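Letter by letter, the chains look like this.
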Amino acid sequence: MIINRAYRYELKPNISQRILLAKHAGCARFAYNWGLARRIELYQAEKKSTNAMAQHRALNKLKQTDFPWMYEVSKCAPQEALRDLDRAFKNFFTGLKAGEKIGSPKFKKKGVHDSFRLTGAIKVEEKAVQLPRLGIIRLKEESAIGGRILSATVSREADRWFVSFSCEVAIPDPEPVFGDAVGIDVGLHHFAAMSDGTKIEASKPLGKYLKRLKRLSKKHSRMQKGSNNRKKSALGLARLHRRIRNSRRDFIHKLTTELAKTKSEIVIEDLNVRGMLQNDRLSRHIADVGWGEFRRQLAYKTVWYGSTLILAPRFYPSSKTCSSCGYVMDSMPLSIREWDCPCCGVHHDRDINAAVNLKKYARIVA
């Protein structure tokens, strides 16, 4: 079986390499913003569109006269940025036709998601990587890359640089998992309630560091713009956000890997997370637990390890249905955590009952 797999490592660049990495990220950002501005001007003037290849040819003609500094970086950085812009517009128009709310491409800002992608001659050694125009950069850990390297994406998180290799890997067809099927009801009181009665507490890293984050944000907002102290404060904030993100990512990766390796069938609800985030009271808590990332990781890990992911319909009444007799309640507010079935009298824990109903849904669609 051929799959695409990513390998991510932290770089250990010296001073000159850090400067060159920042130049590549800046060039990619400039090309993206330049291409977006040209597309907007073209549409407003002639009601026409263009594509990445045409914009790349136009940008190459301007290099010698208007942007000679672009020769300091690899040609892949602006080229891949224009391809990303082209893909963003295609997703935007596809979403419009499908009735989905996909935002239009926005201009990029310096210091926010700085990254660039490279293709071509990429070589990975034991503790170093060779990238086009950047040369050999040390890694902070030994690499273990398998398969054919398709591209390398370099990104900055606070004061650290990372490289992610997209590889085409051939793996043996996975053996089917013979573990029990499980229904999983995700929530805020507990991250996951399983049909076997197990409840998994959510890590909630944002809630853990929220007090410190508010204090640093308030301190940062009071500093003079453009001062060195404000730059140091921004770096401290970025480091804290990175710690929060890494903590959430680590929790979800460990849980999804264990589930995909030990459960034959995993049934979860097809939640409208984007719509739920419109709730002013719960949006921060929903974003903190990471339901969307949980589903995304289960989708590809079940394919890798031989298990099956089943999505129950978005409006499947898993919480309102009695798992013993099948009676469906008219309504079930979020404030109700336990309830008694008016038909058979069985006492239910809201989350466990929903997980049991999700497990039964797997038999319905089988």
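Residues numbered from 1 in each chain as written. Predicted model: local features only at pLDDT ≥ 70, side-chain atom pairs only at ≥ 80, totals over all residues. Heavy atoms only, no water.

As recorded by an unreviewed UniProt entry, the chain carries the name Putative transposase and is attributed to Pelotomaculum schinkii.

### Describing the overall build of the chain
From N to C terminus, the chain includes 9 helices and 14 strands. For the chain, the residues scored as buried account for 40% of the 366 residues in total. Within the chain, contacts between residues at least 6 apart in sequence are counted, and of these 66% link residues at least 24 apart. With the model as given, the accessible surface of the chain reaches about 21100 Å², and the carbon-plus-sulfur share is 52%. Between the averaged position of the 68 positive side-chain charges in the chain and that of its 36 negative side-chain charges there is a distance of 10 Å. (Helix = DSSP H or I, 4+ residues; strand = E, 2+ residues; numbered from the N terminus. Buried < 20%, exposed > 50% of the residue type's maximum accessible area, 1.4 Å probe, protein only. Contact = heavy atoms within 4.5 Å. Areas by Shrake-Rupley, 256 points an atom, 1.4 Å probe, with all protein chains shown as cover. Lys, Arg positive; Asp, Glu negative; His and termini not counted. Charge placed at Lys NZ, Arg CZ, Asp CG, Glu CD.)

### A closer look at the packing of aromatic side chains
Under the definition given, this model contains 11 aromatic pairs. Taking the centre distance of 6.4 Å and the plane angle of 85° together, the rings of W304 and Y305 count as edge-to-face. Taking the relative accessible area as the measure of exposure, W304 reaches 18% and is therefore buried. Within the aromatic cluster, the residues linked to one another by ring pairs are F30, F67 and W69. Over the ring of F162 we find R8, and its NZ or CZ is 4.2 Å from the ring centre. The aromatic ring of Y71 is capped on one face by K63, whose charged end is 5.6 Å from the ring centroid. (Phe/Tyr/Trp six-rings, centres within 6.5 Å; stacked < 30°, edge-to-face > 60°. Lys NZ or Arg CZ within 6 Å of the ring centre and 35° of its normal.)

### Structural notes on the sheet that holds strand β8 (residues 182–186)
Pairing is mixed in the open sheet, where 5 strands are placed in the order β10-β9-β8-β11-β12. Both outer strands of the open sheet, β10 (199–200) and β12 (308–312), are each paired with one neighbouring strand and no more. Where helix α8 (residues 291–305) meets the sheet, it contacts β8, β11 (265–269) and β12, and its direction lies at approximately 140° from that of β12. (Pairing = 2+ DSSP bridges. Axes fitted to C-alpha atoms, helices over the stretch in contact; angles between N-to-C directions.)

### Topic: the nonpolar core
L11, L21, F116, L131, V154, V163 and F165 are the most contacted members of the largest nonpolar core, which has 40 residues in total. Top contributing element to this core by residue count: helix α1 (residues 15–46), with 8 residues. Ignoring any residue separated from it by four or fewer positions in sequence, one finds V163 in contact with Y7, R8, Y9, L11, L139, A152, T153 and V154. (Core = buried A, V, L, I, M, F, W, Y, C linked by side-chain atoms within 4.5 Å.)

### Examining the pairing of strand β6 (residues 148–157)
Note that strand β2 (residues 115–118) and β6 share 4 bridges and pair antiparallel. Looking at the pairing, S115 lines up with S155 of β6. Here β6 pairs with strand β7 (residues 160–170) via 9 bridges, running antiparallel. Bridge assignment links E157 to a residue of β7, and that residue is R160. Connecting β6 to the next strand, β7, in antiparallel fashion are 2 residues, including A158 with a positive phi near 60°.

### So, the environment of Q224
Tracing the backbone through its elements, the reader meets Q224 in the loop between α4 (205–221) and α5 (228–262). Once the C-alpha coordinates of Q224 and A234 are considered, the two residues, 10 residues apart in sequence, prove to be 12 Å apart.

### A look at the sheet that holds strand β3 (residues 123–124)
A sheet is described by the order of its strands in space; here 7 strands give the open sequence β2-β6-β7-β1-β5-β4-β3, paired in antiparallel fashion. Because the sheet does not close on itself, it has two edges, and the strands there are β2 and β3. Bridge count between strand β4 (residues 128–131) and strand β5 (residues 135–139): 4 bridges; the pairing is antiparallel. Paired with L131 across the bridge in β5 is G135. Most of the contacts of α1 go to β2, to which it runs at about 90°, and overall it touches β1 (2–12), β2, β5, β6 and β7.

### Comments concerning the domain arrangement of the chain
The assigned domain composition of the chain is domain 1 (2–170) and domain 2 (177–205 + 252–365). Computed from C-alpha atoms alone, the centre-to-centre distance between domain 1 and domain 2 is 37 Å. (Domains from an automatic or database assignment.)

### Some details on the UniProt feature "domain: Transposase putative helix-turn-helix" (unreviewed entry) in the chain
When the UniProt feature table is mapped onto this chain numbering, "domain: Transposase putative helix-turn-helix" (unreviewed entry) sits at residues 1–48. Its end C-alpha atoms 42 Å apart, residues 1–48 is made of 67% helix and 23% strand. (UniProt positions renumbered as here; feature names shortened; annotations may be inferred.)

### Notes on α1
End to end, α1 covers 46 Å across 32 residues, agreeing with the expected 46 Å (1.5 Å per residue, within 8%). Once α1 finishes, K47 follows within two positions and takes phi at roughly 60°, a positive value. (Expected span 1.5 Å × (residues − 1).)

### Focus: unusual backbone geometry
At K47, a position not held by glycine, the phi torsion is positive, near 60°. Within the fold, K47 resides in the loop between α1 and α2 (52–63). With a phi close to 45°, K204 is a non-glycine residue in the positive phi region. Within the element layout of this structure, K204 appears in the loop between β10 and α4.

### Digging into the UniProt feature "domain: Probable transposase IS891/IS1136/IS1341" (unreviewed entry) in the chain
With numbering matched to this structure, UniProt assigns "domain: Probable transposase IS891/IS1136/IS1341" (unreviewed entry) to residues 165–279. Between the end C-alpha atoms of residues 165–279 there is a gap of 37 Å, over a span that is 49% helix and 18% strand.

### Details of the pattern of salt bridges
On inspection of all chains with the given rule, the structure shows 25 salt bridges. We note a salt bridge from E46 to K48, for which the minimum N-O separation is 3.8 Å. (Salt bridge = Lys/Arg side-chain N within 4 Å of Asp/Glu carboxyl O.)

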